[in-house]
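# Structural overview for review
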Amino acid sequence: MLLNRPRQLNALSGALMEELVAALQELDEEDAVRCIVLGGNERAFAAGADVAELAAGTPVSLYQDRRLEHWDAIRAVRTPLVAAVSGFCLGGGCELAMACDLIVASETAKFGQPEINLGVMPGAGGTQRLTRAVGKAVAMDMILSGRMLGAEEARDLGLVARVVAQEAWLDAAKRLAVEIAAKSAVSVRLAKEAIDEAFETPLSAGIELERRSFYLARASEDADEGLSAFVEKRKPEFRGR
C-alpha cells in the first residue's frame, strides 16, 4: 500500500488519513492478509502533516475532527505493519512510520520531528514513541532543535530495523513482509501484542501477558503443525488456526 500525494511529498491530509485507516482496517479483516507494507515513494514516505490544513484549523476544529485518533486506529491494526521508508519521513510521517511495527529504510531516508520550526510540537505520538525508540537525550535534541536522523543513525539508535540500498527500499520491505507472512498468523499476532505491551506495563505484568500468550499460541493448530514439522524434518504449513 503506497501513499500517493507525490506533489505534496505525501503530506498527510485528513482525507488521506481517513482513506488509509479505512484501507488498513479492511485488510486487517482479511484472513489471507498476513502482513502489510506501507510506503510512499523514493522522495518521501511522508513529509509531515498537511500544513495548509493545520494552519486553517482551530483548536476546537482540530479536537472535533478527532484527526489525531487516526494514529490510534493504525496502532489497533492486528496484522503486522512494515513501513517502507525512502527519503523524507518527517513530522506526522515519522509518527506514522513509528505507528507501524517495523521500519525498513533506504539509505537516503531522513527521520525527524520538525514541528518546532512551525511553532507547534508533535501531536500524534512523536514525543512518546520517539523517546521510547531513541531515548530521552536524542528525542529532546530532535524535537527541540528539529534535527533529522539519517538512516544509519536511526538504525543504530533503534528507530529502524533494517537499512537497505536506495533502489531496494520497497522490495526489501516486501521480502520482509513475505518472511513474516510465512509464519503462523496466530503466533505472530500474539508476539506483536506482547512486544507492544513491553512499552506499556511494568516488567512483571509484561511477563505475565507473555506467559498467557505463549499458552494460547501453544493451543493453536499452527503450533501442533510447527512442532510436528520440526520433528519430522519438513517445512510447516501454517493455516492461521
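This section reports on the structure supplied with the text. Everything numeric in this text was worked out from a predicted model, so none of it was measured. (Residues numbered from 1 in each chain as written. Predicted model: local features only at pLDDT ≥ 70, side-chain atom pairs only at ≥ 80, totals over all residues. Heavy atoms only, no water.)

This part covers the pairing of strand 3 (residues 81-85). Strand 3 sits mainly inside the fold: five of its five residues count as buried. Burial along strand 3 is two-sided: the residues L81, A83 and V85 and V82 and A84 are all buried. Summarising the sheet, strand 1 (residues 36-39) and strand 3 pair through four bridges and their orientation is parallel. Across the sheet, residue V37 finds its bridge partner in strand 3, namely V82. (Buried < 20%, exposed > 50% of the residue type's maximum accessible area, 1.4 Å probe, protein only. Helix = DSSP H or I, 4+ residues; strand = E, 2+ residues; numbered from the N terminus. Pairing = 2+ DSSP bridges.)

The buried fraction of helix 5 (residues 92-99) amounts to eight of the eight residues, a majority that puts the element mostly inside the structure. Burial in helix 5 covers these residues: G92, G93, C94, E95, L96, A97, M98 and A99.

Let us now look at the pattern of salt bridges. Tallied over the full model, the rule gives 15 salt bridges. Where D196 meets R75, a salt bridge forms, and the shortest distance between an N and an O atom there is 2.6 Å. Here R75 lies in helix 4 (residues 69-75) and D196 lies in helix 10 (residues 185-197), a separation of 121 residues in the sequence. A salt bridge links R155 to E152, with the shortest nitrogen-to-oxygen separation between them at 2.4 Å. Taken together, the residues R155 and E152, both in helix 8 (residues 151-157) and three residues apart, mark about one turn of the helix. Assessed through its relative accessible area of 33%, R155 is described here as partly exposed. (Salt bridge = Lys/Arg side-chain N within 4 Å of Asp/Glu carboxyl O.)

The next thing to look at is unusual backbone geometry. The phi angle at L9 is positive, at roughly 55 degrees, despite the residue not being glycine. Mapped onto the elements of the fold, L9 is located in the segment before helix 1 (14-28).

What follows covers the packing of helix 6 (residues 126-134) against helix 7 (residues 136-145). Between helix 6 and helix 7, the least distance of the axes is 7 Å, while the angle of their chain directions is 135 degrees. Relative to helix 7, helix 6 is oriented oblique. Handedness of the crossing formed by helix 6 with helix 7: right-handed. Across from G126, T127, L130, T131 and V134 in helix 6, the residues of helix 7 making contact are K136, V138, A139, M142 and I143. (Axes fitted to C-alpha atoms, helices over the stretch in contact; angles between N-to-C directions. Parallel < 35°, antiparallel > 145°, perpendicular 65-115°, else oblique. Left-handed = near helix turned anticlockwise from the far one by under 90°. Contact = heavy atoms within 4.5 Å.)

Turning our eyes to something else, we now look at the nonpolar core. Membership of the largest hydrophobic core comes to 43 residues, with the highest contact counts inside it found for F45, I74, V85, L96, F111 and L159. In contact with I74, not counting residues within four places along its chain, are M17, L20, V21, L24, L81, L96 and A99. With 15 residues, the next largest nonpolar core counts V164, A172, A173 and V188 among its residues. (Core = buried A, V, L, I, M, F, W, Y, C linked by side-chain atoms within 4.5 Å.)

This part takes up the sheet that holds strand 2 (residues 44-46). Pairing within the open sheet is mixed, and its four strands lie in the order 2-4-6-7. Strand pairing shows two members of the sheet lacking a second neighbour, strand 2 and strand 7 (149-150), which therefore form its edges. Pairing analysis gives two bridges linking strand 2 to strand 4 (residues 88-90), with the strands arranged parallel. Of the residues in strand 4, the one forming a bridge with A46 is C89. Relative to strand 4, helix 5 is tilted by about 90 degrees, and along the sheet it contacts strand 2, strand 4 and strand 6 (110-112).

As a volume, the largest pocket reaches approximately 800 Å³. If you trace the largest pocket, you find 28 residues lining it, with M98, C100, D101, D196 and F199 closest to the centre. Taken together, the elements giving at least two residues each to the lining of the largest pocket come down to strand 3, helix 5, strand 5 (102-106), helix 6 and helix 10. The greatest single-element share of the lining of the largest pocket, amounting to seven residues, is contributed by helix 10. Roughly 620 Å³ of internal volume is contained in the second largest pocket. (1 Å grid on protein atoms, 1.4 Å probe; cavity = no way out; pocket = protein on both sides within 12 Å on 5 of 7 lines; lining within 4 Å. Points joined across faces, edges and corners; volume = space filled by probe spheres on them.)

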